[in-house]
Amino acid sequence: MHGQDGWWNAIDSDLRKRIDELLCARRLIAAVVLLRGEGGLRPRPALHQAQDLLAERQAELDRQGLVQPDPPPPTIQDLIEKTDALTEPIAAIEALWDGDTQGWHVRLVAVVRRPGRHHERFDDVPLTVLRHGSDLRLFNGQVPPWPEAQQASEQGQAVARHYGVPFQFTNPDEPDIDLPRWWDTQPT
């Protein structure tokens, strides 16, 4: 934590332990909230400042082998079983880009026939979130192509075929959150 050691050492040891537990469980945002809320640092670190500090701390813990490994990616059968548990009729399977403080990812959802937050006739139910790294991949030339988009396309198509419904991924080649949804293609 080199340049940030002063911050880290200024935090109560019990709170440092609680933050480390969250970081080891890959709960960075919860650790940021805890640091900013109970850290007692003056001035209180800005959101991005706290995130950078704790991302560095998490990387240190990861080098020590203390961070839980990522869960294995879901299989097509896992996604079918999750979709089988839905009680509403399935209208489509959709993949869509989303982003957060860690970078771009693809959400794979089942579109069901019920009123939702974003549409009066349809709602989406999360099946999985696929992420294969951070946005640093943009700067070091690792993407495109985006492996999470390829995985979402393959798995989404397989799940859609299983249920006999359409699959939509408006733009698997480039992250964008302002794209039409499947329900936007449906007559009113």
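Please read these numbers as outputs of a predicted model, since none were measured by experiment. (Residues numbered from 1 in each chain as written. Predicted model: local features only at pLDDT ≥ 70, side-chain atom pairs only at ≥ 80, totals over all residues. Heavy atoms only, no water.)

**Thoughts on a nonpolar patch on the surface**
Taken together, the side chains of Leu136, Leu138 and Phe139 present a nonpolar region at the surface, about 370 Å² in accessible area. Tracing the backbone shows Leu138 in helix α6 (residues 136–139). (Patch = residues over 30% accessible without salt bridge, like charges linked within 9 Å, V, L, I, M, F, W, Y side chains within 5 Å. Areas by Shrake-Rupley, 256 points an atom, 1.4 Å probe, with all protein chains shown as cover. Salt bridge = Lys/Arg side-chain N within 4 Å of Asp/Glu carboxyl O. Helix = DSSP H or I, 4+ residues; strand = E, 2+ residues; numbered from the N terminus.)

**So, helix α7 (residues 147–163)**
For α7, spanning 17 residues, the distance from its first C-alpha to its last is 24 Å, which sits close to the expected 24 Å at 1.5 Å a residue. Buried within α7 we find Glu148, Ala149, Gln151, Ala152, Ser153, Gln155, Gly156, Ala158, Val159 and Ala160. Packed against the buried residues of α7 are α5 (76–84), β1 (90–100), β2 (103–113), β3 (122–130), α6 and β4 (167–168). (Expected span 1.5 Å × (residues − 1). Buried < 20%, exposed > 50% of the residue type's maximum accessible area, 1.4 Å probe, protein only. Contact = heavy atoms within 4.5 Å.)

**What about the nonpolar core?**
Core analysis: the largest hydrophobic core is formed by 22 residues, its most contacted members being Leu86, Ile93, Ala95, Trp97, Val106, Ala152 and Phe169. Where this core is concerned, the elements lending two or more residues are α5, β1, β2, β3 and α7. If we ignore the near neighbours within four places in the chain, the residues touching Ile93 are Leu108, Val109, Ala110, Leu127, Gly156, Val159, Ala160, Val165, Pro166, Phe167 and Gln168. Counting 19 residues, the second largest nonpolar core, distinct from the first, contains Trp7, Val32, Leu53 and Leu54. (Core = buried A, V, L, I, M, F, W, Y, C linked by side-chain atoms within 4.5 Å.)

**Description of the packing of aromatic side chains**
The description of an aromatic ring pair uses the distance of the two centres, along with the angle that the planes make with each other. Inspection of every chain in the model, using the stated rule, returns 4 aromatic pairs. Between the aromatic rings of Trp97 and Trp146, the centroid separation amounts to 5.4 Å while the plane-to-plane angle is 75°, which identifies the pairing as edge-to-face. Remark: Trp146 occurs in the loop between α6 and α7 and Trp97 occurs in strand β1; sequence separation between them is 49 residues. Among the residues examined, Trp146 registers a relative accessible area of 5% and is labelled buried. Seen from their ring centres, Phe122 and Trp182 are 5.0 Å apart, and the 80° between their planes marks the pair as edge-to-face. On the criterion of sequence distance, the pair formed by Phe122 in strand β3 and Trp182 in the segment after β4 is long-range, its members being 60 residues apart. Taken as a pair, Phe122 and Trp182 share a single burial class, namely buried. (Phe/Tyr/Trp six-rings, centres within 6.5 Å; stacked < 30°, edge-to-face > 60°.)

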